[in-house]
Amino acid sequence: MKLKIIVIGILILTLVMGGVSFWGAYKEAYKSSSSSLNKNEDVVDNGNSEEFKLCENAITDLSEEQYDKVLDEMYDDVDEDTIEDIEKMEPEEINDTINSFDEKYELGESLSEKDQALLLYAYEQHTQEDKQTNNGLELLAWKTRVYNIGSNKKKDGVKVSYKGKFKTWSGAMHAKYDTDVHVTIEEGKSKLKSMKWTTYNNAYGILGSSGKSVSIGKVYSGHISSSKYKKNFSFEKSKTYSAVCTVYISTYGSLDVKYNGGEFSKNTKTYKSVE
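Attention in this report is confined to the structure presented alongside it. Because the structure is a prediction, the values reported are computed rather than measured. (Residues numbered from 1 in each chain as written. Predicted model: local features only at pLDDT ≥ 70, side-chain atom pairs only at ≥ 80, totals over all residues. Heavy atoms only, no water.)

1. Considering the side chain of aspartate 102
We apply this condition: Numbering of helices and strands runs from the N terminus, with a helix taken as a DSSP run of H or I at least four residues long and a strand as a DSSP run of E at least two residues long. Every residue pair with non-hydrogen atoms within 4.5 Å of one another is taken to be in contact.
Secondary-structure assignment places aspartate 102 in helix H5 (residues 101-104). Setting aside chain neighbours within four positions, we find aspartate 102 in contact with Asn202, Tyr204, Lys218, Ser250, Tyr252 and Thr270.

2. A word on the pattern of salt bridges
The criterion, for reference: In what follows, salt bridge is the name for a side-chain nitrogen of Lys or Arg lying within 4 Å of a carboxyl oxygen of Asp or Glu. Accessibility here uses a 1.4 Å probe with only protein chains present; expressed as a share of the type maximum, an area under 20% marks a residue as buried, one over 50% as exposed, and anything in between as partly exposed.
Taken as a whole and assessed by the stated rule, the structure comprises two salt bridges. Between lysine 104 and aspartate 115 there is a salt bridge whose closest N-O contact spans 2.8 Å. Here the residue lysine 104 occupies a position in helix H5, and aspartate 115 occupies one in helix H6 (residues 113-133), the gap between them amounting to 11 residues. Overall, the relative accessible area of 5% leaves aspartate 115 in the buried class. Across the pair lysine 154 and glutamate 187 runs a salt bridge whose closest N-O atoms are separated by 3.0 Å. Placement of the pair is lysine 154 in strand E3 (residues 143-155) and glutamate 187 in strand E5 (residues 174-187), with a sequence separation of 33 residues.

3. Things to note about the pairing of strand E10 (residues 246-259)
Applicable threshold: Here, a strand pair is defined by DSSP locating no fewer than two bridges between the strands.
Within E10, 12 of the 14 residues are buried, leaving the element largely enclosed by the surrounding structure. Direction of pairing for strand E6 (residues 192-207) relative to E10: antiparallel, over a ladder of 13 bridges. By the bridge assignment, tryptophan 197 is partnered in E10 with leucine 255. Here six bridges tie E10 to strand E11 (residues 262-267), and the two strands are oriented antiparallel to one another. Each bridged residue has a counterpart across the sheet, and for tyrosine 259 the counterpart in E11 is glycine 262. With antiparallel pairing between neighbouring strands as the criterion, E10 and E11 make up a hairpin whose turn holds two residues, including glycine 261 at a positive phi of roughly 105 degrees.

See the structure below:
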C-alpha cells in the first residue's frame, strides 16, 4: 500500500513539474512571438523596391579609349562662340542647367545641341582635372565619388532627419550607385504613419548606331527604395548597371513622410559626377 502511494505521488509530481515546464516554455514562446510582431508593426510596407530602365539606343561596343575619343571629337565640333557663351556662365547657372536635364529629357532622348555642348564642356573640364590629379594618366579604373548627406524638416509638429552618404562609381561599360542612410523621427512620433526613402539615379552617354551620327542623351534612369517604416530606420542598398559608358551621372534622394493630417517630402541636393 505504501509503495502504491509513493508511486502515485511520483507520477503526480512528474505531471506537475512537466506542466510548469510546458507553461514556462509556452510563455517564452508567446513572449518571443509578441516581440516579433511588435517589431513587424514598425514596418508598414515590408519590402524594398527598385526600378530601372536602360535605353536601347545607347552605344555599347566602344572601349573607354574609343569612348573618350568620340567625346573629344564631339567637343572639338562645338563652335567657338558656343564655348565662349558657356565660359561666361556662372558656376551656379551651369549647375542649375545641368540639374534640369533629369526632368527635361526622357530615356533615350538626345539633348539639344546647346545642352550637349554644355555637358561636353563640363565633362572636358572634369576630365582634365582628373588627369592633372593623376599626373596625366588616363583613368581606366572605376571612378568613385562619395557624397555626405544630412538634413531635417519639420511640419505640423512632425520633425524628421536623415544622415548618411551616397557613393557612385563609373567606368568602362559599368556604373553603380549606393545608398547608406539613417532616418530619425525627432518629434511627433504619435502622429507618424510612415516614412520611406528613395534614391534616384540618371545617367547620360552616347546614343546612336554604327554608321550614323551620334549624340548625347539619357541612357539610364532608375531608383531604389526602402520599405515604409513607422519608426527610425536605416537603409543600405546598391544598384549596378552595365553596357554603357557614362558622360554624366546625377544622384539625389527623397524622404517621404506621412502623418495624421498631412504629408511632406524632403529632398537632398542633386549630386553630379561633373560638378
